[in-house]
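Residue-level listing of the chains:
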Amino acid sequence: HRQPPGHNRTIIDNRCRQSPTSTSSQVSQLKCPYAENWLTKGAEAAANELGIDITSNHQQQNNRKLLGSDLPIAGSCTYKNSWTGDKSCMNFHGETWTLDAMVDRCSSEQDGVAAQGVGCEDTSNDVSGWCVKDVSTAATSMMSAPEMKEEALLMMLSAMTSCDNNKMACEAFVQGTFVATGSCASAAAGGSSASDQADTTMEGNKCIIAPGAIGAAHQAGFSEGYSTSCPNTPAQDSPYMWPLKWAANFQTKNMVFGSDDIKFESRGRTFYALDKNWKRLDTTYQLGILRTFGQAPCENIAGDSDTNGLGCVLNNTDGMSTMIHKGGTMYFVDWKEDAAPVVGERDVSKIEGCSKINMAVVGNIRPDWYMDRRGDDTDVQYLGDQHVFYPDPDEGPIPMLAKQWRKKDFASQYFTMSMLGNPPNKVEKMADAPAEDNMHWPMILNVPGEGLGDDMLQVFTNHELLTDEDDDLFMLVENYIESGGECPENNSFNGDDEVAVGPPIQEVHIPSNLEVEEASWMTNEYTFSPVWQVPMRPVVTDMGAVASVSAAMSKPATEVSDRVTVESCYDEATKSVDMSFHFHDIDPTANGRLPWMAIGYRSSEVCAMTPPSGGVTPIVLITHLEGEGELPRAHSTSLLPTAKTLSSDAFASMYMLARDLGETDDHSDVSVIAPQVSNAAVSITRSSLTTDDTVTLNFKRVVGEKPEQLNLMYAIGMSSELGIHTTRKCFVIDAFPTCSSPDAEVSDGHDHTHDVAIKATLDSSSTTVAMVSTFATLAFSCMIGVAVWF
């Protein structure tokens, strides 16, 4: 956050000082580029200044809850919103804030003005609440007390940032506490917030899965945990779900593609408190070359010709390392060499050091991850029962019954989860049997490399259930810090300051033995839930009739996912592909506008937002913005590489580059059909693939000779403004039969003269104005992980 030349900073209290040129230390704690800018200043401008009179102690005491903190106000910082030019504000709470400290913090903001003894004034109806971040410092000696300090960042409501959006952003990215005020406080008290109505799988602040492809396996980093009975989830109350609180020894072995040779081996014990979104991993043995994504910081990286890539060389066979993952933060604990720590160690005096990384929206595994299809780019296949040789630690390999599921990931590879089929008390059903005798324990887990590392086989043994009395296992870091230790953020873990978002990309794709084979895969979502109803499966009774219908279709359909279907053919006369993209289950957002939708043209088979070798990705963007009229519109623009770092310049450029799709040289016959928002009584020729909640994009695109395939990707947004998406996927279209001529089309007997009402024709100049006017709200698109496309 470098300040522009001539940047002016002023302080109140009759003194001026030259502010430092560096940004505040808090900036380094936010993994999201520009996070502090947009969060402290709000997704929209603070429309009016705030107005609470704090000169009276009685008034101040009554207003502390409204201001988000129980600590007294030491001062505040007002500054110019770098996005809109308007004012915004944050409060400093705590008696240990000095004027110098407030000036240093405020000087990182544009035209920052630090006021001692004066808080933000509250006269705005658009305030959703405060994001309160603890910035206290530890005691410097046995005789001194810790400095209790907090920052309360103003959070604003807008069409794009609801109460729940602000709460999630505060907890996920700032790791603060959201204190709702005004209408947000009323909604929270009445239980009628937007997310309560929209997300029926939430149980309080629990049961929230991560966005995008991460949600296929993980809780959200800001979720307060999971439940065995998350409402309206496929595995609700399933006996085959992982336990919420348990521990087991683990042994893993990693194998290179095309070989059963072991390249890496590790052992230890893992502890879970998934009801709180916690995990602890004590590793006691590591030997070999570990290649994986998201591993701990590595001190010994070496090339390996056998594995065709780089790996982390590990030879830790007589010590212990500990990893603790709590919510959106992951901690790495190193132990003193002569301290002899044991598995489950709680003695913080044995700790040598600690570091942490911000995982943002990535929380711990959800206990039903392998049984359902939730999340992006995923699928599931219940396999049934199979006897396996299980490596019992006392008796050696013994036959045991396993109930198995396969789970597909974003890389089109699959996990296999084997759960214990016959618990000891399954037959006797003794009422007084211990809980462990009724558990379907996780037994064997086969993990693919996902294109980023080697496949892994993991075995769990010596299981035990944990209770709340074992929570101290997960409080190791907090206890260490309380004793005077420190656990700074490991900025070197992520390398560059600019953090790309989207699926991880590397130049060398590492193949896996666990690639999905079309011949062996079928969707089979079955969870043994006593609550959830199994979806009806289509029954085909006349394959001849199906073949006849398919042959008669001029544009054969490709089911990309349950959200997108594509029809395609090749027009010989115009050397064009004629395509229809059907976006299913599209409902208006809270402001009555449809979410944005996009189709991207990938330059290769690599599933990447932009080409790994450089360059931009051409995209077709459907928007339904305020000021654009009743119907959504299709634009041609480019996805820039810097958009992966959420660069404000990149977003602005994408808006400025946008053109009406029908006015481009290579697109024609463009239309967008959206019956959800069309009030006109029109007669529309629809494909059998469309319904009243389907948005259809039609166009022809000049390609020259008939293509063998098109490498594409899609995304569907959460709101009408560009930002976080709810789903995305890479896919390939390779069906391009010759399009039938108009004369060959069969009349359906309807008058389609009104169909022009649903065509999205757009004046390019008005498009640019409408789009640029919405740019200020794009700051909320700052989300981390594979959950973000734009």
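Scroll up to find the structure this text is about.
Just so it is clear, the structure is predicted and the values come from calculations on it, not from any experiment. (Residues numbered from 1 in each chain as written. Predicted model: local features only at pLDDT ≥ 70, side-chain atom pairs only at ≥ 80, totals over all residues. Heavy atoms only, no water.)

Undergrad: Explain the overall build of the protein here, please?
TA: Of the regular secondary structure elements, the protein holds ten helices and 35 strands. Counting every position in the protein, which comprises 790 residues, the buried fraction comes to 54%. Taking the contacts inside the protein whose residues are at least 6 apart along the sequence as the reference set, 68% of them involve residues at least 24 apart. For the protein, the exposed area adds up to about 35,700 Å²; of that, 50% sits on carbon and sulfur atoms. (Helix = DSSP H or I, 4+ residues; strand = E, 2+ residues; numbered from the N terminus. Buried < 20%, exposed > 50% of the residue type's maximum accessible area, 1.4 Å probe, protein only. Contact = heavy atoms within 4.5 Å. Areas by Shrake-Rupley, 256 points an atom, 1.4 Å probe, with all protein chains shown as cover.)

Undergrad: What is the right way to look at the nonpolar core in this model?
TA: In a soluble, globular protein the nonpolar side chains are often hidden away together inside. Membership of the largest hydrophobic core comes to 50 residues, with the highest contact counts inside it found for Trp 242, Trp 369, Tyr 370 and Trp 405. At the level of secondary structure, the elements contributing two or more residues to this core comprise β11 (245–255), β17 (329–335), β19 (362–365), β20 (379–392), β21 (396–408), β22 (414–420), β23 (442–447) and β24 (455–465). Residues Tyr 601, Leu 631, Ile 733 and Phe 736 belong to the second largest nonpolar core, which totals 32 residues. (Core = buried A, V, L, I, M, F, W, Y, C linked by side-chain atoms within 4.5 Å.)

Undergrad: Please clarify how the state of the cysteines should be interpreted in this entry.
TA: Throughout this description, disulfide means a covalent bond between two cysteine sulfur atoms. Throughout the structure, instances matching the rule amount to six disulfides. The side chain of Cys 77 participates in a disulfide bridge whose partner is Cys 106; the two sulfur atoms lie 2.0 Å from each other. Measuring the twist about the S-S bond at about 75 degrees, one finds the Cys 77-Cys 106 disulfide to be right-handed. Residue Cys 77 is located in strand β3 (residues 73–80), and its partner Cys 106 is located in helix α3 (residues 99–106); the two are separated by 29 residues in the primary sequence. Assigned by exposure class, Cys 77 and Cys 106 land together as buried. One disulfide bridge connects Cys 89 with Cys 120, the sulfur atoms lying 1.8 Å from each other. Since a negative S-S torsion denotes a left-handed disulfide, the Cys 89-Cys 120 link at about -90 degrees is left-handed. Of this pair, Cys 89 sits in strand β4 (residues 87–93) while Cys 120 sits in the loop between β5 (113–116) and β6 (121–122); the two residues are 31 residues apart in sequence, bridging distant segments of the chain. Across this residue pair, the class does not change: Cys 89 and Cys 120 are buried. (Disulfide = S-S within 2.5 Å.)

Undergrad: In this structure, what is going on with the pairing of β3? I would like to understand it.
TA: Within a regular strand, the side chains alternate between the two sheet faces. In terms of residue burial, β3 counts as a mostly covered element, since six of its eight residues are buried. With seven bridges joining them, β3 and β4 adopt antiparallel strand pairing. What sits directly across from Cys 77, in β4, is Met 90. Where β3 lies against β5, four bridges are found, and the strand directions are antiparallel. For Ser 76, the partnering residue across the bridge sits in β5 and is Ala 115. (Pairing = 2+ DSSP bridges.)

Undergrad: Looking at this model, I keep getting lost on the side chain of Asp 368. Mind explaining?
TA: Relative to the helices and strands, Asp 368 is located in the loop between β19 and β20. Residue Asp 368 is classed as buried on the basis of its relative accessible area, which comes to 1%. Engagement of the side chain of Asp 368 in a polar contact is seen with the side chain of Arg 366, the distance being 2.9 Å. The residues contacting Asp 368, other than those within four sequence positions of it, are Tyr 226, Ala 235, Met 241 and Arg 374. (Polar contact = N/O pair within 3.5 Å; in protein donor to acceptor, adjacent residues only side chain to side chain.)

Undergrad: What should I look at first to understand the pattern of salt bridges in this one?
TA: Once their charged atoms are close, side chains differing in charge can pair, the charge on each being opposite to the other. The final tally for this structure, using the stated rule, is 25 salt bridges. Between Lys 276 and Asp 468 there is a salt bridge, with its nearest N and O atoms 3.3 Å apart. Remark: Asp 468 occurs in the loop between β24 and α7 (476–482) and Lys 276 occurs in the loop between β12 (262–273) and β13 (278–290); sequence separation between them is 192 residues. Residue classification places Lys 276 among the partly exposed residues on the basis of a relative accessible area of 25%. The residue Asp 379 makes a salt bridge to Arg 373 at a minimum N-O spacing of 3.2 Å. Shared partners join several salt bridges into a network, and the residues in it are Lys 245, Asp 275, Lys 276, Asp 468 and Asp 471. (Salt bridge = Lys/Arg side-chain N within 4 Å of Asp/Glu carboxyl O.)

Undergrad: Would you take a moment to explain the packing of aromatic side chains for this structure?
TA: What characterises a pair of aromatic rings is the spacing of the ring centres plus the angle enclosed by the ring planes. Evaluation of the coordinates by the stated rule reveals 23 aromatic pairs. Judged by centre distance (5.6 Å) and plane angle (80 degrees), the ring pair of Trp 369 and Phe 415 falls under edge-to-face. In this pair, Trp 369 sits in the loop between β19 and β20 while Phe 415 sits in strand β22, placing the two residues 46 residues apart along the sequence. With respect to burial, Trp 369 and Phe 415 carry one shared label: buried. If you follow Lys 276 out to its NZ or CZ, it ends over the ring of Trp 278, 5.8 Å from the centre. (Phe/Tyr/Trp six-rings, centres within 6.5 Å; stacked < 30°, edge-to-face > 60°. Lys NZ or Arg CZ within 6 Å of the ring centre and 35° of its normal.)

Undergrad: Explain unusual backbone geometry to me, please; I cannot follow it from the model alone.
TA: Backbone phi values are negative for most residues with the exception of glycine, while trans is the configuration of most peptide bonds. Backbone geometry at Ala 340 places phi at a positive 50 degrees, although glycine is not the residue there. Turning to its location among the elements, Ala 340 is positioned in the loop between β17 and β18 (351–358). The class of Ala 340 is exposed, set by a relative accessible area of 52%. At Lys 575, a residue that is not glycine, the phi angle is positive and equals roughly 55 degrees. With respect to the secondary-structure elements, Lys 575 resides in the loop between β26 (564–571) and β27 (576–583).

Undergrad: Just to check I follow, could you spell out the sheet that holds β26 for this structure?
TA: The strands that make up a sheet are held in pairs by hydrogen bonds between backbone atoms, and each pair lies either parallel or antiparallel. Sheet architecture is open: five strands sit in the order β25-β26-β27-β33-β32, paired in antiparallel fashion. For this open sheet the edge positions go to β25 (557–559) and β32 (667–673), each flanked by a neighbour on one side alone. When the angles between neighbouring strand axes are averaged without regard to direction, this sheet yields 15 degrees. The pairing of β27 with strand β33 (residues 695–702) spans eight bridges and is classified as antiparallel. Bridged to Asp 578 within β33 is Lys 700. (Axes fitted to C-alpha atoms, helices over the stretch in contact; angles between N-to-C directions.)

Undergrad: Before we go on, may I ask you to explain the sheet that holds strand β30 (residues 633–639) in this structure?
TA: Spatial ordering of the open sheet is given by β31-β30-β29-β28-β34-β35, a layout of six strands whose pairing is antiparallel. On the outer flanks of this sheet lie β31 (659–660) and β35 (725–733), each paired with one strand and no other. Of the pairings in the sheet, the one linking strand β28 (residues 597–601) to strand β29 (residues 617–623) comprises four bridges and is antiparallel in character. Counterpart to Ala 598 in the pairing with β29 is Leu 621.

That's the geometry; what it means functionally is another story.
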